[in-house]
Each structure stands twice: as structure tokens, then as C-alpha cells.
Amino acid sequence: MNEIIKASKEGNIVRLRELLQNPGMRTLAAARDNQALIDAALFGRLNIVRLLLEIPDVKVDAAARNNWALIGAAWNGHLEVVKLLLDIPCVKNNAAANHNQALKDAASNGHFNV
């Protein structure tokens, strides 16, 4: 597994910062259609999502896989992550992806604040 994806999924921001100091590793941050961002959003790792969005390749493709980062955050009720993602134009412009799946998932899980 990509070390950046692993650190993001586990919430290990210290390790992620360490990895991102290496320019070669920064290029891997958006690997597998932004899997690191998707995992961080899914698990509500707000600081990691912020850190990853500082990387241009991640930010420009933050709506990868029909906005799965947004859908994952909404599904689990991570309101602050949802708000942060919606500040990104490509995410906001694609918020209705998959027939408003993010909103449907949030509601079906009782996260009406999302």
C-alpha cells in the first residue's frame, strides 16, 4: 500500500508530514484517484484532509471518482470535512454527482446536519 494512503487512513499526521517532505512522495499523494483524500474524508480526519488539499495535484482532482471523498465524509456525518471539501470548486461543482449520493447517504445514516 502507498505509504501516504496508509498514513492518511490511519490518521498519522506526523508520518504524513514526514512523507510529504520528499518531493517524490508528494507526487504520489494523488495516487489511485486520490485514495488518500478519500480515506481521510471517510474517517473524518479533518487535519489530514486539510494537509492533502495543500498539494496541487490532490486539490485539482478532489472530486475524483464522482466525489467519493465528499460522499464518504457525508455518509459518516463528518460535517467539518464536508464543509472543507465544498470549499473546493471542483467538489462544489460536482456535489450532485451520483444523483446527490452524498446527501442521500448522510440522510440515510441520520446525519441531517450534513
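Below is a short write-up of the structure.

The rules we used
- Residues numbered from 1 in each chain as written.
- Predicted model: local features only at pLDDT ≥ 70, side-chain atom pairs only at ≥ 80, totals over all residues.
- Heavy atoms only, no water.
- Salt bridge = Lys/Arg side-chain N within 4 Å of Asp/Glu carboxyl O.
- Helix = DSSP H or I, 4+ residues; strand = E, 2+ residues; numbered from the N terminus.
- Buried < 20%, exposed > 50% of the residue type's maximum accessible area, 1.4 Å probe, protein only.
- Arc of directions from axis to C-beta.
- Contact = heavy atoms within 4.5 Å.

Per the stated rule, a full pass over the model turns up 4 salt bridges. We note a salt bridge from Glu3 to Arg15, for which the minimum N-O separation is 3.8 Å. Placement of Glu3 in helix H1 (residues 3-10) and of Arg15 in helix H2 (residues 13-20) is noted, with a sequence separation of 12 residues between them. According to the relative accessible area criterion, Glu3 is partly exposed, its value standing at 33%. Of the charged contacts in the structure, one is a salt bridge between Arg65 and Asp33, with a shortest N-O distance of 4.0 Å. Taken as a pair, Arg65 in helix H7 (residues 64-75) and Asp33 in helix H4 (residues 31-42) lie far apart in primary sequence, 32 residues in all. Accessibility expressed as a relative area gives 34% for Arg65, which makes it partly exposed. Ionic contacts of the salt-bridge type, sharing partners, join the residues Glu3, Arg15 and Glu18 into one network.

Moving on: helix H8 (residues 79-86). Buried within H8 are the following residues: Val81, Val82, Leu84 and Leu85. What you see down the axis of H8 is that its buried residues fit within an arc of 165 degrees, all on one side. Of the surrounding elements, those touching the buried residues of H8 are H4, helix H5 (46-53), H7 and helix H9 (89-92).

Nothing here speaks to function; it is all geometry.
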